[in-house]
Amino acid sequence: MNFKTTYTLLVLTITFSITTYAQEDQSYGFHKGDFYVSGAFKYSSLISDAFNPDNELFVEPSVGYFISDHVSLGAQSEFLLTNTDNYESFGVGVNGRYFFMPQKRFNVFTELALEYSNSKIKFPSFNSNTEAISATFSTGLNYFITKNLSLFTKFEILDFSHSEVDTNSGNFFQFQSPQSYDNNTLRIGPENLHLGILYKF
């Protein structure tokens, strides 16, 4: 059994058994009106084309506000840590999270995020610029190590993206350059692990 399958089963088990935490200290967790800042790392092994790195590591700062005990709305961004002269990428977006047992030290959440991203590939005989808009559904776990500081992890479960790609290949390939095309992608299944730390005010 691989790590992604184990993680998914763990999330499902916790979701069905979470009512056993009913007597936990209510001073932990989230409440309406809480504001938070967080930072995370995202590891991606998804390869979009042959010129991208085999593995990508992003840093993701974000902020959020709880409009109710269960629901937060936030803004996020991501920057590729492995930027080189040949490849760079960044993204900005918004998200909404639902916490199933928000006033507990340990809880499960789901997230829906909308994001705009831009990536560039630059070689002497090939250049590519990709702009994409994506919608991503994720599930995760959050654990408070103090009253205000928590650790979290999440996996992307469902992702739909629409991208516009502009390429300029010179004589590297057998087609005319420059070239533009649109691409739609739907991905289902655990992908892209996020590990982060969160501080609430």
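Residues numbered from 1 in each chain as written. Predicted model: local features only at pLDDT ≥ 70, side-chain atom pairs only at ≥ 80, totals over all residues. Heavy atoms only, no water.

Draft legend 1. Just the nonpolar core, in detail. Within the largest apolar cluster, 10 residues are counted, these being Y28, F30, Y36, A40, F66, F99, F109, F144, F152 and L198. Ignoring any residue separated from it by four or fewer positions in sequence, one finds Y36 in contact with S62, V63, G64, Y65, F66, S72, N95, R97, L198, Y199, K200 and F201. Counting residues in each nonpolar core, the second largest holds five residues, with F58, Y87, I121 and F126 among its members. (Core = buried A, V, L, I, M, F, W, Y, C linked by side-chain atoms within 4.5 Å. Buried < 20%, exposed > 50% of the residue type's maximum accessible area, 1.4 Å probe, protein only. Contact = heavy atoms within 4.5 Å.)

Draft legend 2. Geometry of the side chain of N118. Mapping N118 onto the fold places it in strand 5 (residues 106–123). Within the structure, the side chain of N118 is placed 2.9 Å from the side chain of K120, a separation counted as a polar contact. Looking at N118, its side chain comes within polar contact range of the side chain of N129, at 3.4 Å. (Helix = DSSP H or I, 4+ residues; strand = E, 2+ residues; numbered from the N terminus. Polar contact = N/O pair within 3.5 Å; in protein donor to acceptor, adjacent residues only side chain to side chain.)

Draft legend 3. Broad picture of the packing of aromatic side chains. Throughout the structure, instances matching the rule amount to 10 aromatic pairs. Measuring from ring centre to ring centre gives 4.6 Å for F30 and F66, while their planes differ by 20°; the resulting arrangement is stacked. Pair noted here: F30 is in the loop between helix 1 (3–17) and strand 1 (35–44) and F66 is in strand 2 (residues 56–66), with a separation of 36 residues, a long-range link. The class of F30 is buried, set by a relative accessible area of 0%. Ring centres 5.5 Å apart and planes at 40° place the aromatic pair F66 and F99 in the tilted group. A residue pair is termed long-range when its members are at least 10 positions apart, and F66 in strand 2 and F99 in strand 4 (residues 87–99) qualify at 33 residues. In this structure, F66 and F99 share a single accessibility class: buried. Joined through ring pairs, the aromatic side chains of F30, Y36, F66, F99, F109 and F144 make up one cluster. (Phe/Tyr/Trp six-rings, centres within 6.5 Å; stacked < 30°, edge-to-face > 60°.)

Draft legend 4. Region of interest: the pairing of strand 3 (residues 71–80). Across seven bridges, the pairing between strand 2 and strand 3 is antiparallel. Bridge pairing in strand 3 links V63 to A75. Linking strand 2 back to strand 3 in an antiparallel pair, the connection comprises four residues. In this sheet, strand 4 lies alongside strand 3 in antiparallel orientation, the contact comprising nine bridges. In the strand pairing of strand 4, S77 is matched with V92. (Pairing = 2+ DSSP bridges.)

Draft legend 5. Geometry of the confidence of the model for the chain. Summarising the model, the chain shows a mean pLDDT of 82, and 75% of its residues fall at 70 or more. Taken element by element, the chain is modelled with least confidence in helix 1, mean pLDDT 55, and with most confidence in strand 3, mean pLDDT 95. Every residue in residues 46–53 is under pLDDT 50, and counting partners more than four places away or in other chains gives 13 contacts. (pLDDT = per-residue confidence, 0-100.)

Draft legend 6. Molecular detail of the pattern of salt bridges. Evaluation of the coordinates by the stated rule reveals five salt bridges. Note that D34 is salt-bridged to K200, the shortest N-O span being 3.8 Å. Of this pair, D34 sits in the loop between helix 1 and strand 1 while K200 sits in strand 8 (residues 179–200); the two residues are 166 residues apart in sequence, bridging distant segments of the chain. The burial state of D34 is the same as that of K200; both residues are buried. (Salt bridge = Lys/Arg side-chain N within 4 Å of Asp/Glu carboxyl O.)

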